[in-house]
Amino acid sequence: MNELNKLKSEIIEYGKLAGIKNFTPGYSGNMSARYNDKILITSSGSANGYLVEDELVLMDFEGNLVEGDKKPSSEKMLHVEFYKQRPDVNYIIHVHSPFLSTFACCRIPLDEPVMAENVFYFGQIPLADYGLPSSFDLVEKTAKYFKDYDAVIMANHGFIVGDKTIKDAFLKLELAESYAQVVFNTKLLGGAKLFTDKEVEEINSLKK
């Protein structure tokens, strides 16, 4: 299996898994992988959970179609900018999962230190201001966080995460959705007891 076919298989596999877990309902969301100086991305109108090979197309870093007979995702420039800013990121997953989207629609960042895993892997997940989906305004407002964060919530829209491997990107999506659900549940019980600054420092020291 050549590299491009391997990337296609990975995106199809993890797209299906995202669908099974209801992270990417219906036609929402898109996924991509870095391929040398090109980007493999899901096509416009495709559904992450039900992808087939011809729904993955190759484009350049200007968003121009290079290979395939379908249009790249309308969110293509969001992916382009993430890859440009982060040479360490090889895969990007954008979804509208229920709990993360709830925080997006309430315009609330996930910045409360409530669990060690969330502090360790995210620090916090910032909230990007609203921009019309598929617009350069959205790209500009979201991309300001890419340099310092692997994951961003987009106001009234959804969630985007990037990482070195597709498995790492997916696991961070899974962790972030759980993070959102836990924070949501703590609000119902009167609010979580947050880590102190000292406790946060101790958790971050585990990275060294």
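Thresholds applied
- Residues numbered from 1 in each chain as written.
- Predicted model: local features only at pLDDT ≥ 70, side-chain atom pairs only at ≥ 80, totals over all residues.
- Heavy atoms only, no water.
- Axes fitted to C-alpha atoms, helices over the stretch in contact; angles between N-to-C directions.
- Helix = DSSP H or I, 4+ residues; strand = E, 2+ residues; numbered from the N terminus.
- Parallel < 35°, antiparallel > 145°, perpendicular 65-115°, else oblique.
- Left-handed = near helix turned anticlockwise from the far one by under 90°.
- Contact = heavy atoms within 4.5 Å.
- Phe/Tyr/Trp six-rings, centres within 6.5 Å; stacked < 30°, edge-to-face > 60°.
- Buried < 20%, exposed > 50% of the residue type's maximum accessible area, 1.4 Å probe, protein only.
- Lys NZ or Arg CZ within 6 Å of the ring centre and 35° of its normal.
- Core = buried A, V, L, I, M, F, W, Y, C linked by side-chain atoms within 4.5 Å.
- Expected span 1.5 Å × (residues − 1).
- Arc of directions from axis to C-beta.
- Polar contact = N/O pair within 3.5 Å; in protein donor to acceptor, adjacent residues only side chain to side chain.
- Pairing = 2+ DSSP bridges.

Quick notes on the packing of helix 3 (residues 98-106) against helix 6 (residues 166-188)
- Closest axis-to-axis distance for the helix 3/helix 6 pair is 7 Å, and the angle between their directions is 60°. Taken together, helix 3 and helix 6 sit at an angle that is classed as oblique. Viewed along their axes, helix 3 and helix 6 form a crossing whose handedness is left-handed. Contacts between helix 3 and helix 6 involve Pro 98, Phe 99, Leu 100, Thr 102 and Phe 103 from the first element and Leu 173, Ala 176, Glu 177, Ala 180, Gln 181, Val 183 and Phe 184 from the second.

Digging into the packing of aromatic side chains
- Here the structure, examined in full by the defined rule, presents 7 aromatic pairs.
- Aromatic side chains Phe 23 and Phe 170 sit 5.9 Å apart centroid to centroid with 45° between the ring planes, which places their arrangement in the tilted category. A residue pair is termed long-range when its members are at least 10 positions apart, and Phe 23 in the loop between helix 1 (3-20) and strand 1 (30-35) and Phe 170 in helix 6 qualify at 147 residues. When sorted by exposure, Phe 23 lands in the same class as Phe 170, which is buried.
- Between Phe 82 and Phe 146, the ring centres sit 3.9 Å apart and the planes meet at 5°, which makes this aromatic pair stacked. Note that Phe 82 is positioned in helix 2 (residues 76-85) and Phe 146 in the loop between helix 5 (136-143) and strand 7 (151-154), a separation of 64 residues in sequence. In terms of burial, Phe 82 and Phe 146 fall into one category: buried.
- Among the aromatic residues, those joined into a cluster by ring pairs are Tyr 14, Phe 23 and Phe 170.
- For Lys 207, the ring lying beneath its charged end belongs to Phe 120, and the centroid distance is 5.7 Å.

Concerning the nonpolar core
- Formed by 36 residues in total, the largest nonpolar core has its most connected members in Leu 110, Ile 125, Ile 153, Phe 159 and Leu 173.
- Those elements that provide at least two residues to this core are helix 1, strand 1, strand 3 (56-59), strand 5 (91-95), helix 3, strand 7, strand 8 (158-163) and helix 6.
- The leading source of residues in this core is helix 6, at 8 residues.
- Not counting residues within four places of it along the chain, the set of residues in contact with Ile 153 comprises Leu 100, Phe 103, Ala 104, Ile 108, Leu 110, Ile 125, Pro 126, Leu 127, Ala 128, Gly 158 and Phe 159.
- Judged by nonpolar contacts, the second largest core, of 21 residues, contains Val 80, Ala 128, Val 139 and Phe 146.

Describing helix 1
- With 18 residues, helix 1 extends 26 Å between its outermost C-alpha atoms, agreeing within 8% with the 26 Å of an ideal straight helix rising 1.5 Å per residue.
- Those residues of helix 1 lying buried are Leu 4, Leu 7, Lys 8, Glu 10, Ile 11, Tyr 14, Gly 15 and Ala 18. Buried residues of helix 1, viewed axially, fall in a sector of 160°; they line one side.
- On the buried face of helix 1, the contacting elements are strand 1, strand 2 (38-42), strand 3, strand 4 (65-67), strand 5 and helix 6.
- Here helix 1 starts with a cap whose side-chain oxygen sits 3.2 Å from the backbone nitrogen of Leu 4, and that cap is Asn 2.
- Where helix 1 ends, the next residue or the one after it, Asn 22, has phi of about 60°, a positive value.

Describing the pairing of strand 8
- Burial within strand 8 is extensive, with 6 of its 6 residues counted as buried.
- Alternating positions in strand 8 separate into two faces, Gly 158, Ile 160 and Gly 162 on one and Phe 159, Val 161 and Asp 163 on the other, with burial throughout.
- Pairing between strand 7 and strand 8: 4 bridges, direction antiparallel. Counted as the bridge partner of Val 152 is Ile 160 from strand 8.
- With antiparallel pairing between neighbouring strands as the criterion, strand 7 and strand 8 make up a hairpin whose turn holds 3 residues, including Asn 156 at a positive phi of roughly 50°.

Quick look at the pairing of strand 3
- Covered by surrounding structure in strand 3 are Leu 56 and Leu 58 together with Val 57 and Met 59, the residues of both alternating faces.
- Pairing of strand 3 with strand 4, which is carried by 2 bridges, proceeds in the antiparallel orientation. Along strand 4, the bridge assignment pairs Leu 58 with Glu 67.
- Hairpin connection from strand 3 to strand 4: 5 residues lie between these consecutive antiparallel strands, with Gly 63 at a positive phi of about 85°.

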